[in-house]
Amino acid sequence: MITRVLGIGIAFWWMTVEAQARDYGQLGATFPIEEPDLLAHISGRLNAMKQSAELDQLNRDFAKRSESRVRRPVPVAGLSPAQTPRIWNFDPSIIIENDIRDHKGNVIAPAGRRVNPLDFTVIKQKLVFLDGDDKDQMAWALRRYGARDAKLILVNGAPLEAMSTHKRRFYFDQTGFLSNKFGIAHTPAVVEQAGKVMRITEFAVSKVTAR
């Protein structure tokens, strides 16, 4: 009985497919499908823009915007000046997802092992995150940390202008990658090695500079 029901069901399904796929003939005039050559269209558009000087203007505008982004990158979103001090630790350990092998195929680090980079290296320089447009934060960082002691990392402001003014190197936390990694919410913040962890301290500059 079950086989018969399945057979009837399959037959009905096949009849339905045939009906849907049936040739209904030609119902009206047909025309060939013609699509414009995309590359030819783009080339024609660029030539037209070049002749009208529009392309040159676009290039100038693009160069100007690019230079502006280099001189003043997009600020890291969500950060604000610290109002109260805050200290916490960050464990940089990672879990190896796949076996790591040497050139001979020997496993030197199996999957699942927990590895702390601070077991193999020492980070001597502090990382100082600050708002480059905040004069108090800049003055505090420059007075407190020399070039050998720390790397000054802006989360807002103009790093090239700061380098020219203060005659030392500045960095910028593009897209807030490091700030987010360490969980920084306020500036200035200092990241430094403390044994097998990285210690992060947010300073209330208004209170520090008042001392």
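Here the structure is a predicted model, which means the values were calculated and not measured. (Residues numbered from 1 in each chain as written. Predicted model: local features only at pLDDT ≥ 70, side-chain atom pairs only at ≥ 80, totals over all residues. Heavy atoms only, no water.)

Considerations on the environment of A158
1) Next: Tracing the chain through its elements places A158 in the loop between β8 (150–156) and α5 (159–166).
2) Next: Assessed through its relative accessible area of 12%, A158 is described here as buried.
3) Next: C-alpha separation for the pair A158 and V74, spaced 84 residues apart in sequence, amounts to 9.8 Å. (Helix = DSSP H or I, 4+ residues; strand = E, 2+ residues; numbered from the N terminus. Buried < 20%, exposed > 50% of the residue type's maximum accessible area, 1.4 Å probe, protein only.)

Some words on the sheet that holds strand β9 (residues 170–172)
1) Next: Spatially, 6 strands are ordered β2-β12-β11-β7-β8-β9 in an open sheet, and the strand pairing comes out mixed. Sheet topology places β2 (86–90) and β9 at the edges, where each strand pairs with a single neighbour. For this sheet, the mean inter-axis angle between neighbouring strands, taken without regard to orientation, is 25°.
2) Next: For β2 and strand β12 (residues 197–202), the ladder comprises 5 bridges, and the chain directions are antiparallel. Following the sheet pairing, R86 is matched in β12 by E202.
3) Next: On the sheet, helix α4 (residues 135–144) packs against β7 (126–131), β8, β9 and β11 (189–194) and is oriented at approximately 160° with respect to β7.
4) Next: Relative to the sheet, α5 contacts β8 and β9, its axis offset from that of β9 by approximately 170°. (Pairing = 2+ DSSP bridges. Axes fitted to C-alpha atoms, helices over the stretch in contact; angles between N-to-C directions. Contact = heavy atoms within 4.5 Å.)

Considering the confidence of the model for the chain
1) Next: Summing up the model confidence of the chain, the mean pLDDT is 81 and the portion of residues at 70 or higher is 69%.
2) Next: Mean pLDDT across the elements of the chain bottoms out in helix α1 (residues 2–21) (44) and peaks in β12 (98).
3) Next: Every residue in residues 2–24 scores below 50 in pLDDT, and together they form 1 contact with partners more than four places removed in sequence or on other chains. (pLDDT = per-residue confidence, 0-100.)

Let's talk about a nonpolar patch on the surface
1) Next: Among the surface-exposed residues, L39, I42 and L46 lie close enough to one another that they form a single nonpolar patch of about 290 Å² accessible area.
2) Next: Relative to the assigned elements, I42 resides in helix α2 (residues 38–51). (Patch = residues over 30% accessible without salt bridge, like charges linked within 9 Å, V, L, I, M, F, W, Y side chains within 5 Å. Areas by Shrake-Rupley, 256 points an atom, 1.4 Å probe, with all protein chains shown as cover. Salt bridge = Lys/Arg side-chain N within 4 Å of Asp/Glu carboxyl O.)

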